[in-house]
Each structure stands twice: as C-alpha cells, then as structure tokens.
Amino acid sequence: MPRQTTVRGVLLAAARLIERRGWCQHALAKGPRRCVWGAIRQIATGYPNKNLNELAYRSRVVLCMAIQHDSATVWNDAPQRTKAEVLRALRAAAKGAPR
C-alpha cells in the first residue's frame, strides 16, 4: 500500500486494510488483522506497533471526534463493536478530514 500523506488518506487506507486483512479487538494486530488504531498506525508509520508520528496522531484525533469518544482503542474494543461499524467510522471520519 502506498504511504499516505494526509489524514483523509490514512483513514481511507486504514479502512481498506481492515477490509482486506480483517479486524481484531484487544490488540493492535493479530496476524494480518488490525484493530482500528493498529490499522491507522500501520498506514501512517508502516508498522502497527511503531512509535507514533504526527500523521498517526492527527488521524486518531479526527477519528475520535467522528466517533465522539476519547479513545479509539476503547471504542474499538467494546464488546458490541463490529467490523462494519469500524469501517463506517473510518470512512465517515475521512469525509470530515482535512485533505
């Protein structure tokens, strides 16, 4: 996947990554699957567990505003959360993200 340089690009690419490789909870990554935060980190830094960069941080802030939650990880790990909700949230956040 080509490296993204915008918050919008990161969020949309994170949705594609989860769609293709799968989604997980309670870990940044489980094999090829990623949680929402692991997918954002993967796209922004190249690794799901690499130190954060400014683009990953800004992407998380935009997502948290869209989901109206302080923590993307806690939101992702909620027992009732579904992959479909995660994909919708990433795409909705991307629509409101700076280009």
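Residues numbered from 1 in each chain as written. Predicted model: local features only at pLDDT ≥ 70, side-chain atom pairs only at ≥ 80, totals over all residues. Heavy atoms only, no water.

Chemist: Could you clarify how one ought to interpret unusual backbone geometry in this entry?
Modeler: Comment: phi is negative for the bulk of residues other than glycine, and the bulk of peptide bonds are trans. One non-glycine residue with positive phi stands out, namely His26, at about 65°. Here His26 is to be found in the loop between helix H1 (7-21) and strand S1 (29-30). Its identity as a non-glycine residue notwithstanding, Gln68 has a phi of 55°, on the positive side. Summarising the element assignment, Gln68 is placed in the loop between helix H3 (54-67) and helix H4 (72-77). (Helix = DSSP H or I, 4+ residues; strand = E, 2+ residues; numbered from the N terminus.)

Chemist: In this structure, what is going on with H1? I would like to understand it.
Modeler: Turn by turn, an α-helix covers 3.6 residues, leaving residues three or four places apart pointing in a common direction. Taking 1.5 Å per residue as the helical rise, H1 with its 15 residues ought to reach 21 Å, and the 21 Å between its terminal C-alpha atoms agrees with that figure. Looking at H1, one finds that the buried residues are Val7, Gly9, Val10, Leu11, Ala13, Ala14, Ala15, Leu17 and Ile18. Downstream of H1 by one or two residues, Gly22 has phi in the positive range, about 110°. (Expected span 1.5 Å × (residues − 1). Buried < 20%, exposed > 50% of the residue type's maximum accessible area, 1.4 Å probe, protein only.)

Chemist: I'm lost on the side chain of Arg41 in this one. Help?
Modeler: Among the secondary structure elements, Arg41 is positioned in helix H2 (residues 36-45). For the buried Arg41, no salt bridge is present, and the opposite-charge side chain at shortest range is Asp77, 12 Å distant. Beyond its immediate chain neighbours, meaning those up to four positions away, Arg41 contacts Leu28, Gly46, Tyr47, Pro48, Asn49, Lys50 and Leu52. (Lys, Arg positive; Asp, Glu negative; His and termini not counted. Salt bridge = Lys/Arg side-chain N within 4 Å of Asp/Glu carboxyl O. Contact = heavy atoms within 4.5 Å.)

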